[in-house]
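Listed here are the chains, written in short residue letters.
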Amino acid sequence: MNLFDTHAHVNFNAYKDDGEDVLRRCLNDGMNVVNVGSQYSTSKRAVEYAHKLSGVRLRARSRTPDEQGGVWAAVGIHPVHLKKGSFTHHDPWELSEEPASSAGREIPTVGEQLDYQKYLELAKDEKVVAIGEIGLDYHHFVEEDDVEFLKNLQKETLIEFIKLANEVQKPVMLHCWDGYDDLLEILQTHSVDKKGIVHSFIGSYKTAQKFIELGYVIGLNGIITYGESYDRLIKEIDLKNIVIETDCPYLTPRPLEKGIRNEPLFVKEVAQKIADVKGATLEDVAQITSQNAKLILNLSS
Ligand SMILES: [Zn+2]
């Protein structure tokens, strides 16, 4: 059984002491992992990890070449990092490079502006399989924010990144919170040649269907294991349009204990939940979602 975690952040500081070990465990299990950047420093680190681990092969068991996993990278600027400041969130792990401090839940954001040439250089790297995470986040605005200004900045940056994705002919890794209508409009007017993944999808089946009609696949993570809210969505989307992810270190799937650091191996629990709801086997879900991921990320041989 080969699982594919399409959206992980082992490139974040939460793994600064053992990131390589975490990734080696995945490779040993035949897994594929995409580490996703949220700003320039973490994007660069994602590419470095992918190269560092590219020579690692399974020693424990002999496997056929297509059972070998791999570590890949995505490069981009998360929309919350376009503003310099911070915001408060109920989940202290969320979006921060830093582990939660005892003091609290204040998430610092860096205020990075897109340097197109710098990202173009990174994006050309052979280990980069997607441009992201990029997108729209209207959820984390605070009272003193100039909301119209920030929304426009997010949209303009997204459109620039789409241009970049088309220049290097790679798909996009999209983050979207409270902005699906605007995102759909942008994708309709600024077509991405290689399409991509709508990561951490939390919308309705109807919304998912609109992305699927445009050629995108839907990324599901630990959020679907927190209750039954997404069971209907899981039932209604065809398995061929789903990829799975952890978004680690955040969003640890149940039944694992809340608050423990998530890691790519735990994507199995996301697959298990989909299997339970769809009445499929874990093996089928693992195999089909891995195939979908390879297809959209152009890794299929
Ligand atoms: Zn993420």
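Cut-off values and rules
- Residue numbers restart at each chain and count upward from 1, following the sequence in its written direction.
- pLDDT decides what is reported in this predicted model: residues at 70 or higher carry local features, side-chain atom pairs at 80 or more are listed and counted, and totals for whole chains, interfaces and linings draw on all residues regardless.
- Numbering of helices and strands starts at the N terminus; helices are DSSP runs of H or I of at least 4 residues and strands are runs of E of at least 2.
- Neighbour counting defines burial: a residue surrounded by 20 or more other C-beta atoms within 10 Å of its own C-beta is buried, one with 12 or fewer is exposed, and intermediate counts give partly exposed, using backbone-placed C-beta atoms.
- C-beta atoms are placed from the backbone for every residue, and two residues are taken to be in contact when these atoms lie within 7 Å.
- Throughout, the arc means the angular range of directions from the helix axis out to the C-beta atoms.
- Whenever a helix is involved, its axis is fitted only over the stretch in contact; in every case the axis is a line through C-alpha atoms, and angles between N-to-C directions fall within 0 to 180 degrees.
- The crossing is said to be left-handed when, going from far helix to near helix, the turn is anticlockwise and less than a right angle, and right-handed when the turn is clockwise.
- Gly is placed with the polar residues, together with every amino acid not listed as nonpolar (Ala, Val, Leu, Ile, Met, Phe, Trp, Tyr, Cys and Pro) or charged (Asp, Glu, Lys and Arg).
- Think of it this way: DSSP has to see at least two bridges between two strands before they count as a pair.

1. Considering the environment of P264
Consideration 1: If you trace the backbone, P264 turns up in the loop between strand 10 (242-244) and helix 8 (267-278).
Consideration 2: Accessibility expressed as a C-beta count within 10 Å gives 29 for P264, which makes it buried.
Consideration 3: Residues P264 and D145, 119 residues apart in the sequence, show an inter-C-alpha distance of 35 Å.
Consideration 4: Those residues within four positions of P264 in sequence are excluded, and the remaining contacts are D5, A8, V10, C26, M31, V33, T246 and C248.

2. Observations concerning helix 3 (residues 116-123)
Think of an α-helix as turning once every 3.6 residues; residues three or four places apart then point the same way.
Consideration 1: Here helix 3 has its buried residues at Y119, L122 and A123. One face of helix 3 carries all of its buried residues, which in axial projection span an arc of 95°. The outward face of helix 3, more than 90 degrees from its buried face, is lined by the exposed residues Q117 and E121.
Consideration 2: For helix 3, the elements touching its buried residues are helix 2 (40-52), strand 3 (70-75), strand 6 (128-137) and helix 4 (147-168).

3. Describing the packing of helix 3 against helix 4
Consideration 1: Where helix 3 contacts helix 4, the two axes come as close as 10 Å, and the packing angle between them is 35°. Considering how the two elements wind past one another, helix 3 and helix 4 form a crossing that is right-handed. Contacts between helix 3 and helix 4 involve Y116, Y119, L120 and A123 from the first element and E160, L164, E167 and V168 from the second.
Consideration 2: Of the residues belonging to the contact of helix 3 with helix 4, the class tally is 6 nonpolar, no polar and 2 charged.

4. So, the sheet that holds strand 8 (residues 196-198)
Consideration 1: An order of 1-2-3-6-7-8-9-10 is seen for the 8 strands of this open sheet, with the pairing classed as parallel. Across the chains shown, the open sheet's two edge strands, defined by having one partner strand only, are strand 1 (4-8) and strand 10. Recorded for the sheet is a direction-independent mean angle of 30° between the axes of neighbouring strands.
Consideration 2: Along the sheet, helix 8 makes contact with strand 1, strand 9 (217-220) and strand 10, crossing strand 10 at roughly 145°.

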